[in-house]
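# Close look at the chain arrangement
Okay, here's what each chain looks like letter by letter:
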Amino acid sequence: MDRNRLLRKKFSDRFDAVENAPFGAFLTTLELLRFFILEEPVLKELAERLLKLHEGTSASVKQFTANDVPLDSFESESEMAAFGLQFLFDESNSIGTMRGIGQRLFSALSYPSLPTQKQDDEAKLDLLRARILAPVRRYFEDNLDRNLAIVSLLTRYKRRCEWFDRKNLLDQFMNDTQRGEAVLKVPLYRYLFDNGIDFEIEPSSIDGRIDILGNQLTDDPLVVECKVLSSPGKAATTSGFKQAVEYALKYNEPVAYVVIFNVLKDKDKRRLEFEVSGTEFGYPYETVFNKRVYFIEIDLMDYDDSEKWVSQRQGMRGIVIKTADLVESVESLRVETSADDRII
């Protein structure tokens, strides 16, 4: 099981515990879920992004419990999820807080009181889970599924290039090396657009570099950086990594992707080899500043008859990219991030 599916399963298991806990055990399961989210970089970044998005707009738990804001003041499921996260992250939660929120929901929704305190508490807890915490679960699971969907799209494009379009793309690049990077990026733009990823391509901008910033007009942009590996060395990979991290920081995105078109030829032919934090979906990734960046190499090298089969390329030298190389490339970004952020 790849790490993303495993992470989603672990998250779902912990949320199941919250949803199934009796009144007396609810706060303990809620605390364990909070610890889990804060210990997982991707989940932590998703949480911070949601809270930042609704900073100053979502009612506080105390305001809600004190009846200072109407139940229908939440304008979207996203804002309700942000409120639910506030509740989840509030370490001062108590049985009294739970009863207060439950009673507020009871009153607002005209639920009748139940005959015993135990039944009353359990009913309030069910309402709290359904109206306050369910949007939180949907938010995290939808975003984890989105990451899997994006990687699947990029994987299909990688295979299409390597299986069917290798010679055509390589010829286009070699015939226009001055615009070579753009020549290789445009088909990827078209592919993502045809598969439902909306983005804008600007001829220039004040920042000047990002290749694809998908879904720019939404609160959930997609960061994809493209590079061409045309000479043996680490520069294309490390510079692509730095640019992806810069934009992930700028747009508060937990995940970014670096697509590297390998067009090395003749004696310079090499494959990228990564010694980094981990591998997921079959792709290496590195995590810095709580941003996870995946590397997807698209092999466009022109193989001769002696290299026709994959088994015949086993002796090919590699360009080794290590965590230290990537960390060094973003060292200048350290001072721009919060003092609370750890580089890895």
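Owing to the predicted nature of the structure, the values given are computational and were not obtained by experimental measurement.

The next subject is the nonpolar core. Core analysis: the largest hydrophobic core is formed by 32 residues, its most contacted members being Phe 11, Phe 26, Ile 37, Leu 43, Phe 87, Leu 133 and Phe 140. The biggest single contributor to this core is helix H7 (residues 117–175), with eight residues. One finds Leu 170, Tyr 191, Cys 226 and Tyr 283 within the second-largest nonpolar core, a separate group that totals 30 residues.

With that settled, the discussion passes to the packing of helix H3 (residues 41–53) against helix H5 (residues 77–89). Close contact between H3 and H5 brings their axes to 9 Å; oriented N to C, the two are set at 115 degrees. As for the relative orientation of H3 and H5, their crossing is left-handed in sense. Contacts between H3 and H5 involve Ala 47, Leu 50, Leu 51 and Leu 53 from the first element and Ser 78, Ala 81, Ala 82, Leu 85, Gln 86 and Phe 89 from the second. Here the residues of the contact of H3 with H5 sort into eight nonpolar, two polar and no charged.

Within strand S3 (residues 255–262), eight of the eight residues are buried, leaving the element largely enclosed by the surrounding structure. In S3, alternate side chains face the same way, and those of Val 255, Tyr 257, Val 259 and Phe 261 on one face and Ala 256, Val 258, Ile 260 and Asn 262 on the other are all buried. Two strands pair when backbone bridges link them, and strand S2 (residues 222–229) and S3 are joined in this way by six bridges, in the parallel orientation. Counted as the bridge partner of Lys 227 is Ile 260 from S3. Considered for its hand, the β-α-β crossover made up of S2, helix H9 (residues 235–250) and S3 is right-handed. The pairing of S3 with strand S7 (residues 291–299) spans eight bridges and is classified as parallel. From the neighbouring strand, Phe 261 faces S7, where its bridge partner is Ile 298.

This part is about the pattern of salt bridges. Inspection of every chain in the model, using the stated rule, returns 21 salt bridges. Its salt-bridge partner being Arg 137, residue Asp 16 comes within 2.9 Å of it at the nearest N-O pair. You can see Asp 16 sitting in helix H1 (residues 3–20) and its partner Arg 137 sitting in helix H7, a full 121 residues away along the chain. The salt bridge involving Arg 160 is made with Asp 165; its shortest N-O contact spans 3.6 Å. Classification of Arg 160 by relative accessible area gives partly exposed; the value is 35%. Accessibility expressed as a relative area gives 24% for Asp 165, which makes it partly exposed. In this structure, a network of salt bridges that share partners links the residues Arg 8, Asp 16, Glu 19, Arg 137, Glu 141 and Asp 145.

We now examine the packing of helix H2 (residues 26–39) against H3. Close contact between H2 and H3 brings their axes to 5 Å; oriented N to C, the two are set at 100 degrees. Regarding the angle of H2 to H3, the classification is roughly perpendicular. Contacts between H2 and H3 involve Phe 36, Ile 37, Leu 38 and Glu 39 on the former and, on the latter, Pro 41, Leu 43, Lys 44 and Ala 47. When the residues that make up the contact of H2 with H3 are grouped by side-chain class, the tally is six nonpolar, no polar and two charged.

A word on the packing of aromatic side chains. For the structure shown, the criterion picks out 10 aromatic pairs. Among the aromatic residues, those joined into a cluster by ring pairs are Phe 11, Phe 15, Tyr 139 and Phe 140. For the cation-ring pair, Arg 14 lies above Phe 36, with the distance from its terminal atom to the ring centre recorded as 4.2 Å. Note that Arg 292 overlies the ring of Tyr 285, its terminal NZ or CZ placed 4.1 Å from the centroid.

Cut-offs applied
Residues numbered from 1 in each chain as written. Predicted model: local features only at pLDDT ≥ 70, side-chain atom pairs only at ≥ 80, totals over all residues. Heavy atoms only, no water. Core = buried A, V, L, I, M, F, W, Y, C linked by side-chain atoms within 4.5 Å. Buried < 20%, exposed > 50% of the residue type's maximum accessible area, 1.4 Å probe, protein only. Helix = DSSP H or I, 4+ residues; strand = E, 2+ residues; numbered from the N terminus. Axes fitted to C-alpha atoms, helices over the stretch in contact; angles between N-to-C directions. Left-handed = near helix turned anticlockwise from the far one by under 90°. Contact = heavy atoms within 4.5 Å. Nonpolar A, V, L, I, M, F, W, Y, C, P; charged D, E, K, R; others polar. Pairing = 2+ DSSP bridges. Right-handed = clockwise from strand over helix to strand, strands pointing away. Salt bridge = Lys/Arg side-chain N within 4 Å of Asp/Glu carboxyl O. Parallel < 35°, antiparallel > 145°, perpendicular 65-115°, else oblique. Phe/Tyr/Trp six-rings, centres within 6.5 Å; stacked < 30°, edge-to-face > 60°. Lys NZ or Arg CZ within 6 Å of the ring centre and 35° of its normal.

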